[in-house]
Amino acid sequence: MNMKTITFTLNRKEQSFDIEPDETLIDLLRRTGHTGTKLGCDTGMCGSCAVIVDGRAINACILFAFQANGRTVETIEGVGDFDSPHPLQTAMADAGAVQCGFCTPGIVMTAKALLDEKPDASEEDFKLHLDGNLCRCTGYVKIKEALLSCSSATGGES
Amino acid sequence: MNYVDFKSPTQLDEARTLLKELGESASPVAGSTLHVFLKDESPKVAVDILRLGLNGIRLVDGVYHIGATTTVTDMLNHRQHGWVLDRVAEAFVTQPIRNMATMGGSVVRVFPWSDLPVALLALNAELVITGDAERVMSAPEFFATQPFHHLQAGDLLTSVRIPALVEGQGFAYHKERRTTTDFSRCTIAAWLALDDGKIADVRIAVGAAVPMPRRMDAVEDALKGARPGPAAFEKAMQAGIDAPRWKGLHGISDEYARHLASVHIVDVLTKAHEEAKGA
Amino acid sequence: MSKRDFKVVNQPLRKIDAMTLALGKPSYVGDFKPDDALIIKMLGSPHAHARITSIDISEAEKMPGVHCVLYYGNVPRIVHTTAGQGYPEPSPYDTFMFDSKMRFVGDRVAAVAAETEKIAEAALKAIKVEYEVLQPVLRIQDAMKEGAPIIHDEPEARAVIPVPYEPKKNMAAHVDMEIGDLEKGMAEADETIDFQFYNHYGQHCPVEPHVSMAWVDREDRIIITTSTQVPFHCRRIVAQTLDIPVRRVRVIKPRIGGGFGVKQEIVLEDVVAMMALRTKRPVYWEYTRAEEFISSRTRHPMLMRLRMGAKRDGTITAIGLDCHSNTGWNGSQGLTVVCNSGSKMLPLYRCGNIHFEGTVVYTNLPAGGAYRGYGATQAAFAFESAMDEMAEKIGMDPLKFRAMNHIKSGDTSPVFRALGEGREGVDQAITSCELARCIKAGAREIGWKRRKPHTTKKGRYRRGIGMACLMQGSAIPEIDMGAATLKMNEDGSFNLLMGATDLGTGSDTVLAQIAAEQLGTTLDQIIVYSSDTDMTPFDVGAYASSTTYLSGQAVQNVALKVRKQILKVGADMLDCKPAELTIEDAKVVRKKGEGQVTFSEIALYSMYSANQFQIGDISSKIVHHSPPPFAAHFAEVEVDTLTGAVRVIKYVAAADCGTPIHPKLAEGQVEGAVMNGICYALTEEYLFNDKGRMLNPNFGDYKLYTLSDLPEMKTILVPSYEKTGPYGAKSIAEIGINGPLPAIANAIHNACGVRLRTGPFTPEKIWRSLQAGGEIPFEEGH
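It is worth spelling out the domain arrangement of chain C at this point. Residues and elements named next belong to chain C. Looking at the assigned domains, one finds that chain C contains domain 1 (18-26 + 481-622), domain 2 (33-134 + 210-286) and domain 3 (302-476 + 625-771). Spacing between the C-alpha centres of domain 1 and domain 2 amounts to 38 Å. In this assembly, 21 residues from domain 1 lie in contact with 22 residues from domain 2. A buried area of about 1600 Å², summed over both sides, lies between domain 1 and domain 2, and 50% of it is on carbon and sulfur atoms. Counting the contacts that link domain 1 with domain 2 gives five salt bridges. A salt bridge links Asp534 to Arg250, with the nearest nitrogen and oxygen atoms 3.7 Å apart.

Given below as structure tokens:
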């Protein structure tokens, strides 16, 4: 195969990777240990692979790795850890919005992209921005609760 | 897709030269959201056209120039007088896809559920193709066949032009779907201009329930010069509803597809008229 | 109901793995894929019904990077069931690892293990297969016709429990039950109804598709890490299909990305185990989303006839339910699902004359399996739609009609004894039932009082309100067994080892809460491990709404035993009798006077100081009751009478699950189940072509709601106390999915007079029904 090197900023660190031309971004991420990004459908229809590229949530299962060249990529691994979770992660955990948890990283990334741009996101904003994330466990009720609690406009509401 | 190599040109000329040299084996890649629907497994060289600076929305003399790699999210977020594509962009599948998908990718290959082609037909868009010479095609011309057939090796769709909506004009868009992210069962767009209380001009386009998006000429003809209102819309709809061959997709019958169109032609005309009236 | 002063149970605690998962830490099978794993891909049959006349794998085998090709010619032919159930299984033995006969589009032809996915896929293309195409059977009614093509004509097909099984007639199971006399009851009625209903195919859609991997360890044992709800059944069935002893197989279940019943089935594990054995390399197999739809399991579609008789005063005189269930290409869970159609709905209303009959048929379509609701979903649609129709006939408010007839605390039902899971059931009286309060609370929340007859409604958009009452069970009495091991560590923490299988429900948290409550410590002191067949004791697995009720009692019992050991050591240390001691906040304290020792001190003493032993124990539990949870559901919808489009405005689910051990998780179970039920009622649909190929195996076209489609949803947990359950708990996981089909059907009727008897309730069906004046002729769907 025709391996080529690309370089992009991954979780605030510039890194180079040897990739195959037809490799998707999720395959690259997962084989390099970023397994928090999940593969649920492989066709861009479930959102569990959502990562942030240049500030916007995208489906890593359909974006080709070469398209990330020179860009800034953020995955769930760069968002928080046990000692410093992102408020969204804390809110999801506390609201009971994490059941099986398989969709959770994608939801956190998509919501983070929105809040980074619009810290006072409204319920309508969340509904529009989260329309690409499937969750089969929660019925979205507790997810909505968690997300709203992270917006400066709706924080504290349930 | 079976990409065996990729190129990341940063200049339009550079990209065109590459595409020309590579010919059939080249595959321009922008938002990358459609390859899952394509069956092509022949070896291709991907040419990333996202770095050519073709994105952006500019208003020039009452006409919006939308760069081919403008994302749907950019169209959704754009707020300016006479800009209406945000209404279409909102119906466009999901947030990650809106973030990735581009104007160009959404119109050079038409799928039954495509949103933008239907809107562009109603809005009388012009599509600019940059080849050895620049060509401008009207929307009906462009969508008369699968648009990628218009593109020779080295040609790129570089921008789309849409007249901004002015006072006395209205635009409405409807996509019939069971959930917010469903494939469309029937897509209707209407643009309408009033003059002295009468319909001076009108364009209605349908998609999803027909093999290719198309204008509804007979409905338009029945409306031109008429006094707008429920009865006129209903009558015009009846005059043209049987012109297309309706095709029910995703488990619906042809008859129901036709019925959906009949309801929503009247609905979108009503909405477009409301806007034109300044309501 | 009794109020208890709980410290850990019934408290708003964080689910123990929630942060780990929200951080995206490696947790699921796919996160542990070894770098050197071979990738498995399966060649699926292009025909719904065919015989392989020739197959040539030699080209594929020769391809560089291909390590193994399996097909019917090179694996043992061992008949088994893929259903993960108790042993001997109630499902017929009708499946082989590979067979020369193809029974659905997607059936296993041959599997390849290769260095990369690309090579595996290329190898599949190199396999040459010729088929003799047979007539496919694609409808329940066609399967039962005289002279219908026989789907299971292999001589090995057999039932392993005494139950009618006639594969030559495409019949995978049959069950019937009579209480009183249906005809007599119908004759006594003032009004009778006799309607058909059909519920359609649906899939669980866990966001993580089936995924398994396996390797052979240095002792030649097969280690399988798999996304399963039934690790122990998986171990048993893999051993059976490979013809190796159980001791050579170890099954590890990490975190599971959703199951809802679909992972109560051995779908991948036999092949990964065989591939690992043949190649001696780690192997990895993950279903694509399309394979998940087509080749894993689905909800059994059912054709149902519902008869009911009632007097004008509201007395129900007769209930008859005849179900014909489509089990697809194999008989997995066919008998037990249809049994539950009877046993989980028929006791709900008091009636002396009940007839039930269930027939399970094979077709050349995807296989049914366990799916949340498990037969009750199907029956609830017919039954609760019919309750509304009967109420209308006798001129009674449907809420009142239900309220006056439903089962109450202290009542029993002859159905409990007559109908079990594949055999006779178990007598039981209802010891907790707050259905009446569920109905009241739900009615208040939805605004039942403003409900008006559909005949009074005008305009294009019309709103309507509908309801449904539901019951389920809590574990399978006298059959299911769960066990737990608990041991104490130096710092006063505990390892809780369970076969019980958390598939995302939060059962690890719920069971740890029960242990902590019983031990007198806090949740963070319980280290949970589930499940690993080498490490944890047996449990049947996560199904039949059993984990909280059944495994919860096993945990409660073992914690009680360990508590006694702790008190005994404490008594040694404090030089007194255990009876003089109690436990408070992880300390053993004297009931009277001074003196206390911490759990940590006790653990250290028991390990290092005197009379050393491991504080710890194991307990098993089988249950003798299956106390039903109850629920009343209410839906408000809006119908566009021009297009037939229907929108859920508000959905209220009031549920009695006994003590909710973890209220947020209990609500989450209801909300998730209800949302799944709403999508199933309105948008989820398998589309097949006339050759049996599924046309929409993707999330683009098989529609689930997202946050953007969420209607107003309200969950009301109505507390009760189930005295046979752990801290008063009953089940909650399944019941919620049964409500939306009938509640929405009834709401649509209340909105616009349309009665729908075939799911899903598509706009076109509603439009056609409106055109036809309220109802279209009944048709078996897909």
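The side chains of a regular strand alternate between the sheet's two faces. All names here are of chain C. Where burial is concerned, most of strand 13 (residues 302-310) is hidden: eight out of the nine residues are buried. The sheet contact formed by strand 8 (residues 191-199) and strand 13 spans nine bridges and is antiparallel. Paired with Thr192 across the two strands is Gly309, which belongs to strand 13. By the bridge criterion, nine bridges tie strand 13 to strand 14 (residues 316-328) in an arrangement that is antiparallel. For Leu303, the partnering residue across the bridge sits in strand 14 and is His324. The antiparallel hairpin formed by strand 13 and strand 14 contains five residues in its connecting segment, where Gly314 sits at a positive phi of about 100°.

Let us now look at the packing of helix 2 (residues 87-95) of chain A against helix 5 (residues 141-148) of chain A. The packing of two helices is summarised by the inter-axis angle and the distance between the axes. All names here are of chain A. The interhelical angle for the contact between helix 2 and helix 5, taken along N-to-C directions, is 140°, at an axis separation of 8 Å. Taken together, the axes of helix 2 and helix 5 are oblique relative to one another. In terms of crossing hand, the pair formed by helix 2 and helix 5 is right-handed. Contacts from Leu88, Ala91, Met92 and Ala95 of helix 2 reach helix 5 at Lys142, Ile143, Glu145, Ala146 and Leu147. Split into classes, the residues belonging to the contact of helix 2 with helix 5 amount to seven nonpolar, no polar and two charged.

Applying the stated criterion to the full structure yields 89 salt bridges over all chains. With a shortest N-O distance of 3.3 Å, Asp54 of chain A and Arg71 of chain A are connected by a salt bridge. Of this pair, Asp54 of chain A sits in the loop between strand 3 (50-53) and strand 4 (56-59) while Arg71 of chain A sits in the loop between strand 4 and strand 5 (72-74), and the two are 17 residues apart along the sequence. Take Asp54 of chain A: its relative accessible area is 44%, and that puts it in the partly exposed class. On the basis of relative accessibility, which here comes to 18%, the residue Arg71 of chain A falls in the buried class. The shortest N-O distance in the salt bridge between Arg258 of chain B and Asp242 of chain B comes to 2.6 Å. Placement of the pair is Arg258 of chain B in helix 10 (residues 254-277) and Asp242 of chain B in the loop between helix 9 (230-240) and helix 10, with a sequence separation of 16 residues. Its relative accessible area of 28% is what places Arg258 of chain B among the partly exposed residues. Asp242 of chain B sits in the exposed class, given a relative accessible area of 54%. It is possible to trace a salt-bridge network through shared partners that takes in Lys15, Asp17, Arg255, Asp502 and Asp508 of chain C.

Okay, the interface of chain A and chain C next. Taken together, the 50 residues of chain A in the interface contact 50 residues of chain C. Between chain A and chain C, the buried area comes to about 4100 Å², and carbon and sulfur atoms account for 60% of it. Connecting chain A to chain C are nine salt bridges. For Arg30 of chain A, the salt bridge identified is with Asp31 of chain C, shortest N-O distance 2.9 Å. Where chain A touches chain C, the interface holds 26 residue pairs in polar contact (both at pLDDT 80 or more). Contributing elements (two or more residues each) for the side of chain A that touches chain C: helix 2, helix 3 (104-117), helix 4 (123-129) and helix 5 of chain A. When grouped by side-chain class, the residues that make up the side of chain A that touches chain C number 23 nonpolar, 14 polar and 13 charged.

This paragraph deals with empty space enclosed by the protein. The gaps left among the atoms become clear once a water-sized probe is rolled over them. Residues and elements named next belong to chain B. Enumeration according to the criterion identifies two cavities of 30 Å³ or more in this entry. In this structure, the largest cavity encloses a volume near 390 Å³. Around the largest cavity sit 32 residues that line it, and Phe37, Val93, Ile97, Trp113 and Phe183 are the ones nearest its centre. Computed from the structure, the second largest cavity encloses a volume of approximately 40 Å³.

The next thing to look at is the packing of aromatic side chains. This structure, assessed with the given rule, holds 32 aromatic pairs over all chains. Ring centres of Phe142 of chain B and Phe143 of chain B lie 5.1 Å apart, and the angle between their planes is 85°; this geometry places the pair in the edge-to-face category. Neither Phe142 of chain B nor Phe143 of chain B differs from the other in exposure class; each is buried. Aromatic side chains Phe104 of chain C and Trp329 of chain C sit 5.0 Å apart centroid to centroid with 10° between the ring planes, which places their arrangement in the stacked category. Here Phe104 of chain C is found in the loop between strand 4 (101-102) and strand 5 (108-114), whereas its partner Trp329 of chain C is found in the loop between strand 14 and helix 9 (334-343), with 225 residues between them in sequence. Ring pairs connect the aromatic residues Tyr201, Phe293, Tyr686, Phe688, Phe699 and Tyr702 of chain C, which therefore count as one cluster. Over the ring of Trp191 of chain B we find Arg203 of chain B; its NZ or CZ atom is 3.8 Å from the centre of that ring.

With that out of the way, let us pick up the domain arrangement of chain A. All names here are of chain A. What the domain assignment lists for chain A is domain 1 (4-77) and domain 2 (87-148). Centre-to-centre, using C-alpha coordinates, domain 1 lies 20 Å away from domain 2. At the boundary of domain 1 with domain 2, the tally comes to one salt bridge. Of the charged contacts, one joins Glu74 and Lys112 as a salt bridge, the two residues approaching to 2.6 Å between their closest N and O atoms. Between the two partners, domain 1 and domain 2, sit four residue pairs in polar contact (both at pLDDT 80 or more). At the level of elements, strand 3 and strand 4 are the ones that each hand at least two residues to the side of domain 1 that touches domain 2. For the side of domain 1 that touches domain 2, the class distribution of residues is eight nonpolar, six polar and three charged.

Once that is clear, we can look at helix 13 (residues 435-446) of chain C. Between the first and last C-alpha of helix 13 of chain C there are 16 Å, a value that for twelve residues agrees with the 16 Å anticipated at 1.5 Å per step. Those residues of helix 13 of chain C that fall on the buried side of the exposure criterion are Leu435, Cys438, Ile439, Ala441, Gly442, Ala443 and Ile446 of chain C.

In an α-helix, one full turn covers 3.6 residues, which means residues spaced three or four apart are oriented alike. Counting buried residues along helix 7 (residues 269-279) of chain C, ten of its eleven residues qualify, which places the element largely inside the surrounding structure. Burial in helix 7 of chain C covers these residues: Glu269, Asp270, Val271, Val272, Ala273, Met274, Met275, Ala276, Leu277 and Thr279 of chain C.

What follows covers the sheet that holds strand 12 (residues 214-215) of chain B. Residues and elements named next belong to chain B. Reading across from one edge, 9-10-11-12 is the order of the four strands in this open sheet, with antiparallel pairing throughout. Each edge of the sheet is formed by a strand with only one pairing partner; in this case those strands are strand 9 (169-176) and strand 12. When strand 9 meets strand 10 (residues 186-195), the two strands line up antiparallel, connected through eight bridges. Residue pairing in the sheet places Glu176 in a bridge with Cys186 of strand 10.

We now examine the pairing of strand 14 of chain C. Residue and element names in this part refer to chain C. In terms of residue burial, strand 14 counts as a mostly covered element, since twelve of its 13 residues are buried. Note: strand 14 against strand 15 (residues 354-362), nine bridges, orientation parallel. Its bridge partner being in strand 15, Ile319 is matched across the sheet by Ile354. As for the winding sense of the linkage, the β-α-β connection from strand 14 through helix 9 to strand 15 is right-handed.

All right, on to the environment of Glu123 of chain A then. Residue and element names in this part refer to chain A. Considering the arrangement of structural elements, one finds Glu123 in helix 4. The exposure class assigned to Glu123 is partly exposed, which follows from its relative accessible area of 29%. Between the C-alpha atoms of Glu123 and Asp54, which are 69 residues apart in sequence, the distance is 24 Å. Excluding residues within four positions of it along the chain, Glu123 makes contact with Lys144 and Leu148.

On to the side chain of Asp182 of chain B, then. With respect to the helices and strands, Asp182 of chain B occurs in the loop between strand 9 and strand 10. In terms of polar contacts, Asp182 of chain B uses its side chain to reach the side chain of Arg185 of chain B, at 3.2 Å. When residues no more than four places from it in sequence are discounted, the contact partners of Asp182 of chain B are Lys175 and Arg177 of chain B together with Gly700 and Lys703 of chain C.

Cut-offs used in this document
- Residues numbered from 1 in each chain as written.
- Chains lettered and ligands numbered in written order.
- Predicted model: local features only at pLDDT ≥ 70, side-chain atom pairs only at ≥ 80, totals over all residues.
- Heavy atoms only, no water.
- Domains from an automatic or database assignment.
- Contact = heavy atoms within 4.5 Å.
- Buried area = accessible area lost by both parts, 1.4 Å probe.
- Salt bridge = Lys/Arg side-chain N within 4 Å of Asp/Glu carboxyl O.
- Buried < 20%, exposed > 50% of the residue type's maximum accessible area, 1.4 Å probe, protein only.
- Helix = DSSP H or I, 4+ residues; strand = E, 2+ residues; numbered from the N terminus.
- Pairing = 2+ DSSP bridges.
- Axes fitted to C-alpha atoms, helices over the stretch in contact; angles between N-to-C directions.
- Parallel < 35°, antiparallel > 145°, perpendicular 65-115°, else oblique.
- Left-handed = near helix turned anticlockwise from the far one by under 90°.
- Nonpolar A, V, L, I, M, F, W, Y, C, P; charged D, E, K, R; others polar.
- Polar contact = N/O pair within 3.5 Å; in protein donor to acceptor, adjacent residues only side chain to side chain.
- 1 Å grid on protein atoms, 1.4 Å probe; cavity = no way out; pocket = protein on both sides within 12 Å on 5 of 7 lines; lining within 4 Å.
- Points joined across faces, edges and corners; volume = space filled by probe spheres on them.
- Phe/Tyr/Trp six-rings, centres within 6.5 Å; stacked < 30°, edge-to-face > 60°.
- Lys NZ or Arg CZ within 6 Å of the ring centre and 35° of its normal.
- Expected span 1.5 Å × (residues − 1).
- Right-handed = clockwise from strand over helix to strand, strands pointing away.

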